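Residues per chain, in single letters:
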Amino acid sequence: MPDRLGPRESRDAALIRSAPFFEGLPEEAVENATVHVVTRSHPPGQVLLLENDWGSSVYFILEGWVKIRTYNLDGKEVTLNILGKGELFGEMAPLDEVPRSTDVLTLVPTVIGNMPAQDFVKLLKTEPEAGIRLAQLMARRLRQVNRRLRLRESDSQSRVADIILFLADGQGKKAEGGIEIPNLPHRELSSLSGLARETVTRVLSKLERKGLIARDRDTLRIPDIDALERMLMT
């Protein structure tokens, strides 16, 4: 008889299979794809991937938040994206068979499921729906980047509002009284928006006074996301 999974292995298997990417896929295909997944816990500020590393795994965020970063020609850090629970990263390198193009590091205590790249690629080849899901994910991220680029020359309030909406689109959670996202450090919002940290702080206070956002230590809440969208278009 096959060995029974221990409590930790059962928990890990349940966590990885609950990732939105696997939702609706055949149970047997998901089991085969995740059989070699290893979960690890990481403290805040830990580098998970480095630019120019070769890709041997695809990563699923089971708990926590990571940021995707690179550096401009002046050596300044640029945050490209913030990803949270349910998202995946590191999928491009094994598909292209090229080195990683960015760094990835944790923002908070984070649990990551590492899937061997060959298992991920096999899943894409055998389950068309998995390939469609990956294409949809990449299309959504491209739309988000295009929107941010279009607003790069806008006023500071529009740029900060757009970053908040960008994060809400990717990782917003419905809660009582609106949509919640993590209350990220202002330096991260500064890097995402391309604005000075002092400017970001000033704009957030202004948006809060207008009732468009509400903040506490850990979360930023958007009471009416349509109102924030309308402000962006005026």
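For clarity, every value in this text was computed on a predicted model and none was experimentally measured.

Quick look at the sheet that holds strand β9 (residues 173–175)
Spatially, four strands are ordered β9-β10-β12-β11 in an open sheet, and the strand pairing comes out antiparallel. Looking along the sheet, the strands with just one partner apiece sit at the ends: β9 and β11 (214–215).

Quick word on the nonpolar core
Judged by nonpolar contacts, the single largest core of 28 residues is most densely connected at V160, I164, L167, L204 and L207. Contributions of two or more residues to this core are made by α6 (156–171), β10 (178–182), α7 (186–193), α8 (197–209), β12 (219–222) and α9 (225–233). At eight residues, α6 tops the list of elements feeding residues into this core. Listed in part, the 22 residues of the second largest apolar core include F22, L25, V58 and M115.

Quick notes on the packing of aromatic side chains
A full pass over the atoms with the stated rule returns five aromatic pairs. With centroids separated by 5.6 Å and ring planes inclined at 85 degrees, the aromatic side chains of F21 and F22 adopt a geometry described as edge-to-face. Taking the relative accessible area as the measure of exposure, F21 reaches 4% and is therefore buried. Members of the aromatic cluster, each reached through a chain of ring pairs, are F21, F22, F60 and F120.

Digging into the UniProt feature "domain: HTH crp-type" (unreviewed entry) in the protein
Here, UniProt's "domain: HTH crp-type" (unreviewed entry) annotation points to residues 154–226. The annotated region residues 154–226 carries 53% helix and 19% strand content, and the separation between its end C-alpha atoms amounts to 19 Å.

Notes on helix α4 (residues 117–126)
Those residues of α4 lying buried are A117, D119, F120, V121, L123 and L124. Buried positions along α4 lie against α2 (27–34), β3 (57–63), β6 (88–89), α3 (92–96), β8 (110–116) and α5 (128–150).

Some remarks on the pairing of strand β5 (residues 77–84)
Looking down a regular strand, the side chains alternate between one sheet face and the other. Where strand β4 (residues 65–71) and β5 come together, seven bridges link them in antiparallel fashion. Looking at the pairing, K67 lines up with I82 of β5. Taking the residues that link successive antiparallel strands as the turn, the β4-β5 hairpin has five residues, and the phi of G75 there is positive, at about 85 degrees.

Each value, and the rule that gives it
Residues numbered from 1 in each chain as written. Predicted model: local features only at pLDDT ≥ 70, side-chain atom pairs only at ≥ 80, totals over all residues. Heavy atoms only, no water. Pairing = 2+ DSSP bridges. Helix = DSSP H or I, 4+ residues; strand = E, 2+ residues; numbered from the N terminus. Core = buried A, V, L, I, M, F, W, Y, C linked by side-chain atoms within 4.5 Å. Buried < 20%, exposed > 50% of the residue type's maximum accessible area, 1.4 Å probe, protein only. Phe/Tyr/Trp six-rings, centres within 6.5 Å; stacked < 30°, edge-to-face > 60°. UniProt positions renumbered as here; feature names shortened; annotations may be inferred. Contact = heavy atoms within 4.5 Å.

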